Amino acid sequence: MFRRSIGDSWRSLVGWSLGAAAALFLYLPLFPSIGGKGEMQQMIDSMPEELVKTLGYEQIASGPGYAQSTFYGLIGFLLLVIAATSWGSSAIAGAEESGKLELTLAHGVGRSQYALESALSVLVRLAWLGLLAGGIVLVLNEPSELGIDPPNVFGVSAALVGLAFVSGTIALLVGAATGRRVLATAAGAGVAVIGYVFNAIANQVEDAEWLRALSPYSWAYRELPLIDGTDWAGLGLLWGLGAVFVVAATLALRQRDITG
């Protein structure tokens, strides 16, 4: 199942890889021209403080802050979450709606095996995107004058992949529980959107700081891993929640009747 899933999705993986690479090659080389001469800080100072905090642009005038804010905190986040949600929702719910899941299970593939290998397939594809993005950041680090500490790229890549994996696995879970791809997609996207909104509110309202505890986005990026280094506690929460969703998806698929 794992090999089949990877083989069937290689074209989409190439597309997502090209999208991530294009975003990095487009944005990161711009930093010397807009950040090194103070224009970036002037632009940020001219923006409303609430908007700056909402977007997480407080550190964007520095190289690590620029890469964190433009790619990992926004464009890369969107790309990987969309990819993960699409893969997670199609793995079980999409296969069930098309009739492929019933056929596959009828040929001796266990439900637990199907769910676990589907989750592994999503994880491997996301890990590739994370590694690709991290490699490109390291390649562009010196030419783009970013000044990023290379070990911090590992931490931010693990956070990005873990954040996307949460969306992918909850899509997998809802798909396993309902068999409806639209519900699975809504769940994966909803977790990402709610997490981002909760983080934005907490950035602006001091009394809403408690929302960070409910936001996977905050778990990933509250400590700004490209600047402050790896946040192991945040990574533990992200990857732990993803693992819980995988187990729950496996149990849900085992207990439900499958319709073609």
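The structure displayed is predicted, hence computed values, not measured ones. (Residues numbered from 1 in each chain as written. Predicted model: local features only at pLDDT ≥ 70, side-chain atom pairs only at ≥ 80, totals over all residues. Heavy atoms only, no water.)

**Student:** Hey, could you run me through the overall build of the chain in this one?
**Tutor:** For the chain, the helix and strand inventory stands at 13 helices and zero strands. Burial analysis of the chain (260 residues in total) assigns 49% to the buried set. Contacts spanning at least 24 positions in sequence make up 77% of the contacts within the chain whose residues lie at least 6 apart. As displayed, the chain has an accessible area near 11900 Å², and 64% of this comes from carbon and sulfur atoms. (Helix = DSSP H or I, 4+ residues; strand = E, 2+ residues; numbered from the N terminus. Buried < 20%, exposed > 50% of the residue type's maximum accessible area, 1.4 Å probe, protein only. Contact = heavy atoms within 4.5 Å. Areas by Shrake-Rupley, 256 points an atom, 1.4 Å probe, with all protein chains shown as cover.)

**Student:** Please explain the environment of leucine 105 as it appears in this structure.
**Tutor:** Positionally, leucine 105 belongs in helix H7 (residues 100-106). As for leucine 105 and isoleucine 258, which are separated by 153 residues in sequence, their C-alpha atoms are 9.3 Å apart. Excluding residues that lie within four positions of it along the chain, leucine 105 makes contacts with Gly110, Arg111, Tyr114 and Ile258.

**Student:** Looking at this structure, how should I read the pattern of salt bridges?
**Tutor:** Think of it this way: side chains of opposite charge can pair up when their charged atoms draw near. Tallying each qualifying case throughout the model produces four salt bridges. In this structure, arginine 4 and aspartate 8 form a salt bridge, with 3.7 Å as the shortest nitrogen-oxygen distance. Remark: aspartate 8 and arginine 4 occur in helix H1 (residues 2-8); sequence separation between them is four residues, near one turn of the helix. A relative accessible area of 58% means that aspartate 8 is categorised as exposed. Put simply, arginine 212 and glutamate 209 hold a salt bridge, and the shortest N to O gap is 2.8 Å. Overall, the relative accessible area of 11% leaves arginine 212 in the buried class. A relative accessible area of 31% places glutamate 209 in the partly exposed class. Sharing partners across several salt bridges, the network here consists of Glu209, Arg212 and Arg222. (Salt bridge = Lys/Arg side-chain N within 4 Å of Asp/Glu carboxyl O.)

**Student:** Help me understand the packing of aromatic side chains, please; the structure alone is not making it clear to me.
**Tutor:** In this description, an aromatic ring pair is defined by two values, namely the gap between the centres and the angle between the planes. Scanning the entire structure with this criterion turns up eight aromatic pairs. An aromatic cluster is present here, built from Phe77, Tyr196, Tyr217 and Tyr221 joined pairwise through their rings. It is arginine 125 that lies over the ring of tryptophan 87; its NZ or CZ is 4.6 Å from the centre. (Phe/Tyr/Trp six-rings, centres within 6.5 Å; stacked < 30°, edge-to-face > 60°. Lys NZ or Arg CZ within 6 Å of the ring centre and 35° of its normal.)

**Student:** Hey, could you run me through the nonpolar core in this one?
**Tutor:** Nonpolar side chains in soluble globular proteins tend to be buried together. Formed by 72 residues in total, the largest nonpolar core has its most connected members in Tyr72, Leu126 and Tyr221. Of all the secondary-structure elements, those providing two or more residues to this core are helix H2 (10-27), helix H6 (63-98), H7, helix H8 (111-141), helix H9 (150-178), helix H10 (181-204), helix H11 (216-221) and helix H13 (232-255). Contacts of tyrosine 221, omitting those with residues within four sequence positions, involve Gln68, Tyr72, Gly73, Val156, Ala159, Leu160 and Leu163. (Core = buried A, V, L, I, M, F, W, Y, C linked by side-chain atoms within 4.5 Å.)

**Student:** In this structure, what is going on with the environment of glycine 168? I would like to understand it.
**Tutor:** Mapping glycine 168 onto the fold places it in helix H9. Residue glycine 168 is classed as buried on the basis of its relative accessible area of 1%. Setting aside residues up to four positions removed in sequence, glycine 168 forms contacts with Ala84, Thr85 and Gly88.

Read these as spatial facts, not as claims about activity.
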